Amino acid sequence: MGILKKDQIHAFLKHYNVKEAKDIENGLRDMFKEVIEEALQAELTEELGYSKHDYRNKSTGNSRNGSSKKRVNSSFGELELEVPRDRQSEFEPVLVKKRQSDVSSIEDKILSLYGRGMTTRDINQAMNDLYGVDLSAATISKITDKIIPVVKEWQNRPLQDLYTAVYLDGFNANVKTDGSYAQKCAHIVMGIGVDGKKDILGIWLSENESAKFWLSVLNDLKTRGVKDILIACIDGLTGFESAIKTAFPLAKVQRCIVHHVRNCCRFVSYKDLKEFCLDMKTIYRAVNEEEGLTALDDFAKKWNGKYSYAVKSWYDNWDSLSTFYSYSNEIRKLIYTTNPIEGFNRMLRKHTKTRSNFPTDDALLKVLYLATVNCMEKWQLRCRDWNQIINELIIHFEERIAKYV
């Protein structure tokens, strides 16, 4: 997935003097040990109510009392953990209980539940039911906070030089800001590389979905290594197309036909709706642009008197609505709508709908990232008919794509 940057991987290989695969496993084993020990320290901090050395906020007679060694089995083999102790021997570790000798996959349990959109209360109930473990909201939050650096690394990871198609879309969620909850937009970019596989290039939060913010997103993609985009698939946001042309001047822009049809139908009388939609279908189902324009002219003659705004919208946006006519049906299916990313967004909404509000931006990003990872694990196959698609793209964009294939 490319969570680590190349220089971090090189530092890892150098630090652990990697000569064979076993050395990598040993390094990951050490990292897992550190995560478990940090989580145990977070539990003790929650138990005592104050951070280490923060004596001004100490309100208990109890205190830290070093640590003890504990050997446990894990998915990385046997580990020797440093388990923190308290002076009054009241601390009962939850993540690794006192008589627990096996922690295999324990690092996934809480994150998996959190990534499925479960609230801290739901996670506590599930852990209690399954394992007899009682976790406070603060403890769960501190454990899940361990992935925030991972999220930031993923968000800033290097990207491919070229993407054959990108889809840009967003959806809203309620996030607490300045003491009150307000909607924030999660801007999401999905890309299809020259290998035909989908990838989520990043998730960005802002107060609204604007062309100005999308330009900053596109510039971020450039900073992370994207040199070229062949086709950008967008909805009808005003200024969206100019933002893409500013960041990637050579990119072809395809406005989502489905979005456009819906917008045209917003104020159509119910008694006209079926006939109106059938007439629009003759436009975007045309075999080529010339036939599509002829169908649009016929559509205009019939409906301009009654629904002139819809007719004008087709003509005003024809350049970005007609891009798909240049390609075969296989590519048309890929680009004429933003359905691929909307399907992904629906999956994200399933993971966020159980939580109507999020206390911070990081809380929302943690859920979105974990849900994204779960989804991307299933994206192992190339897009359908990819061999035919890539060969056609090479013909259309020969100079731009040849060196990457």
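What comes next concerns the included structure. (Residues numbered from 1 in each chain as written. Predicted model: local features only at pLDDT ≥ 70, side-chain atom pairs only at ≥ 80, totals over all residues. Heavy atoms only, no water.)

A few words now on the overall build of the protein. Helix and strand counts for the protein stand at 18 helices and eight strands. Restricting the contact set of the protein to residue pairs at least 6 apart, pairs at least 24 apart contribute 63%. (Helix = DSSP H or I, 4+ residues; strand = E, 2+ residues; numbered from the N terminus. Contact = heavy atoms within 4.5 Å.)

Further remarks concern the side chain of Ser-322. Tracing the chain through its elements places Ser-322 in the loop between helix H13 (318-321) and helix H14 (329-335). Taking the relative accessible area as the measure of exposure, Ser-322 reaches 5% and is therefore buried. There is a polar contact of 2.7 Å between the side chain of Ser-322 and the backbone oxygen of Trp-318. (Buried < 20%, exposed > 50% of the residue type's maximum accessible area, 1.4 Å probe, protein only. Polar contact = N/O pair within 3.5 Å; in protein donor to acceptor, adjacent residues only side chain to side chain.)

So, about the pairing of strand S4 (residues 180-192). As paired elements, strand S3 (residues 162-177) and S4 share 13 bridges and run antiparallel to each other. Paired with Val-166 across the strands is Gly-191, a residue of S4. Direction of pairing for S4 relative to strand S5 (residues 198-206): antiparallel, over a ladder of eight bridges. By the bridge assignment for S5, Val-189 is matched with Gly-202. Joining the antiparallel neighbours S4 and S5 is a turn of five residues, in which Gly-196 adopts a positive phi near 85°. (Pairing = 2+ DSSP bridges.)

What follows covers the pattern of salt bridges. For the coordinates displayed, the defined rule picks out 14 salt bridges. Between Asp-161 and Lys-227 there is a salt bridge, and its shortest N-O distance comes to 3.3 Å. Highlighted residues: Asp-161 in the loop between helix H6 (148-155) and S3 and Lys-227 in the loop between helix H7 (211-223) and strand S6 (228-234), separated in sequence by 66 residues. Among the ionic contacts, a cluster of salt bridges with common partners joins Lys-69, Arg-71, Glu-80 and Glu-82. (Salt bridge = Lys/Arg side-chain N within 4 Å of Asp/Glu carboxyl O.)

Once that is clear, we can look at unusual backbone geometry. Positioned with a positive phi, Ser-89 is a non-glycine residue whose angle comes to about 55°. Relative to the assigned elements, Ser-89 resides in the loop between strand S2 (77-86) and helix H3 (106-115). When its relative accessible area of 56% is taken as the criterion, Ser-89 is described as exposed.

Moving on, we come to the packing of helix H9 (residues 257-264) against helix H10 (residues 270-284). For the pair H9 and H10, interaxial distance at closest approach is 11 Å and the crossing angle is 150°. For the element pair H9 / H10, the angle class is roughly antiparallel. Along this stretch, H9 crosses H10, giving a crossing that reads as right-handed. Contacts between H9 and H10 involve Ile-257, Val-261 and Cys-264 from the former and Phe-276, Met-280 and Tyr-284 from the latter. The residue makeup of the contact of H9 with H10, split by class, is six nonpolar, no polar and no charged. (Axes fitted to C-alpha atoms, helices over the stretch in contact; angles between N-to-C directions. Parallel < 35°, antiparallel > 145°, perpendicular 65-115°, else oblique. Left-handed = near helix turned anticlockwise from the far one by under 90°. Nonpolar A, V, L, I, M, F, W, Y, C, P; charged D, E, K, R; others polar.)

Over its 15 residues, H10 runs 22 Å from end to end, which matches the ideal 21 Å to within 8%, given 1.5 Å per residue. Restricting attention to buried positions, one finds in H10 the residues Asp-272, Phe-276, Asp-279, Met-280, Ile-283 and Tyr-284. Elements in contact with the buried residues of H10: H9, helix H11 (289-303), helix H12 (308-316) and H13. (Expected span 1.5 Å × (residues − 1).)

Moving on to the nonpolar core. One finds Ile-200, Phe-276, Phe-299, Trp-314 and Phe-344 to be the most contacted residues of the largest nonpolar core, which totals 88 residues. The greatest single-element share of this core, amounting to 11 residues, is contributed by helix H16 (residues 361-376). Discounting residues that sit within four places of it in the chain, Phe-344 has contacts with Ile-188, Met-190, Ile-200, Thr-372, Cys-375 and Trp-379. Counting 22 residues, the second largest nonpolar core, distinct from the first, contains Tyr-163, Leu-218, Ala-251 and Val-253. (Core = buried A, V, L, I, M, F, W, Y, C linked by side-chain atoms within 4.5 Å.)

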